[in-house]
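Structure assessment
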Amino acid sequence: MSARFDPSMWRGRRSAQRLAVLVVAALVVVGAVVLLGRDGRSTAVPTATSSSAAVTVSTVPSASRSIVPSPTPACAGSPGQYDAWDGVPPSNAPSQTMLAPTTGVVRPKPSTKPIPLVVKGLVLDTSCRPIAHAFVWAFHRDPDGNYGPDASPPNDNLFYYQATVETDDAGRFELTTVRPGAPTGPSHIHMLVAEAGGRSRMSLEIWFADDPGLPSSTSQAVVARPTPRSGGGFEIEVRIVFDPPSAG
């Protein structure tokens, strides 16, 4: 006796097949989401295989990416102008000193009350190594904004505040002085830096970060931030990176 066709049984089988297809599709979608992760990168996910072993999906190791070296030196040279130098260093220059008038110059008492200032400096090369026994000549205006008794040639190097120091073995120097005044523009300290036996001398300016006359662009000077000292006045830290042109 042949089996009788029952339409209800066919519909039941079709429904079961459709349900099975939907379940498989949902599992595939969930597996893809877990595999990619929220940020779109692949993550390690165990996947069933015939031997029940775990399979790890990973990206290309970052170490295999090409690395382009930066053309910028570790310590970029400070903004300044380089000129030829005769290479004759001063004799017995200390690493710490107080700025004093040029020999033969009498410093008048300023009408503006002087504000004590200590300058702590460090001279480095472009590899960030300290330069020992480099010479730094510093000079600036007095609190009233005057350089000296005569600012015209040939007496244009007669200053009320000036001194020369030689960096110690750690490339450091220290100056005791007062905050300079300025008739116009930012208040500043001039510094000339050179190495003994070198052929170039760098000229640069030190500006103060709290100066109301500071221009919007400060790329042409080293800007230092004054911090109060317990005994009164301020101190600044100045880092100078000496990068003379190569001898041609």
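Here the structure is shown first, and the text comes after it.
Procedures and definitions
Residues numbered from 1 in each chain as written. Predicted model: local features only at pLDDT ≥ 70, side-chain atom pairs only at ≥ 80, totals over all residues. Heavy atoms only, no water. Helix = DSSP H or I, 4+ residues; strand = E, 2+ residues; numbered from the N terminus. Buried < 20%, exposed > 50% of the residue type's maximum accessible area, 1.4 Å probe, protein only. Contact = heavy atoms within 4.5 Å. Areas by Shrake-Rupley, 256 points an atom, 1.4 Å probe, with all protein chains shown as cover. Core = buried A, V, L, I, M, F, W, Y, C linked by side-chain atoms within 4.5 Å. Phe/Tyr/Trp six-rings, centres within 6.5 Å; stacked < 30°, edge-to-face > 60°. Lys NZ or Arg CZ within 6 Å of the ring centre and 35° of its normal. Salt bridge = Lys/Arg side-chain N within 4 Å of Asp/Glu carboxyl O.

1. Here we look at the overall build of the protein
A tally of regular secondary structure across the protein gives one helix and 11 strands. Walking the protein from its N terminus toward its C terminus, one meets helices and strands in the order α-β-β-β-β-β-β-β-β-β-β-β. Taken across its 248 residues, the protein has 29% of its residues classed as buried. For the protein, long-range pairs separated by at least 24 residues make up 67% of all intrachain contacts whose partners lie at least 6 apart in sequence. A total accessible area of about 16100 Å² is found for the protein, and carbon and sulfur atoms account for 56% of it.

2. Quick look at the nonpolar core
With 29 residues, the main nonpolar core has M191 and I206 as its most contacted residues. Of all the secondary-structure elements, those providing two or more residues to this core are strand 3 (116-124), strand 4 (134-140), strand 5 (161-166), strand 6 (172-178), strand 7 (188-195), strand 8 (200-208), strand 9 (222-224) and strand 11 (234-241). It is strand 8 that provides the largest number of residues to this core, a total of four residues. Setting aside residues up to four positions removed in sequence, M191 forms contacts with V119, V136, W137, A138, F173, L175, M202, S203, L204, I206 and I240.

3. Looking at the packing of aromatic side chains
Applying the stated criterion across every chain yields a total of six aromatic pairs. Ring centres of W137 and F159 lie 6.0 Å apart, and the angle between their planes is 70°; this geometry places the pair in the edge-to-face category. Taken together, the residues span a long stretch of sequence, with W137 in strand 4 and F159 in the loop between strand 4 and strand 5 at a distance of 22 residues. When the ring of Y147 is compared with that of F159, the centres are 6.1 Å apart and the planes differ by 80°; the resulting orientation is edge-to-face. Here Y147 is found in the loop between strand 4 and strand 5, whereas its partner F159 is found in the loop between strand 4 and strand 5, with 12 residues between them in sequence. Residue class for Y147 comes out buried when judged on its relative accessible area of 18%. The lysine or arginine in question, R179, covers the ring of F234, its NZ or CZ lying 5.6 Å from the ring centre.

4. Notes on the pattern of salt bridges
For the structure on display, the rule yields four salt bridges. Of the charged contacts, one joins E235 and K120 as a salt bridge, the two residues approaching to 3.7 Å between their closest N and O atoms. Of this pair, E235 sits in strand 11 while K120 sits in strand 3, and the two are 115 residues apart along the sequence. Exposure remark for K120: the relative accessible area of 32% places this residue in the partly exposed category. A salt bridge links R129 to D125; the shortest N-O distance between them is 2.9 Å. Residue class for R129 comes out exposed when judged on its relative accessible area of 52%. Several salt bridges converge on common partners, so that one network encompasses K120, R229 and E235.

5. As for the environment of I189
Take I189: it is sitting in strand 7. Of the residues examined, I189 reaches a relative accessible area of 2% and is grouped as buried. Sequence separation of I189 and F139 is 50 residues, and the distance between their C-alpha atoms is 6.1 Å. I189 has contacts with L117, V119, A138, F139, H140, P180, L204, E205, I206 and F208, leaving out every residue within four places of it along the chain.

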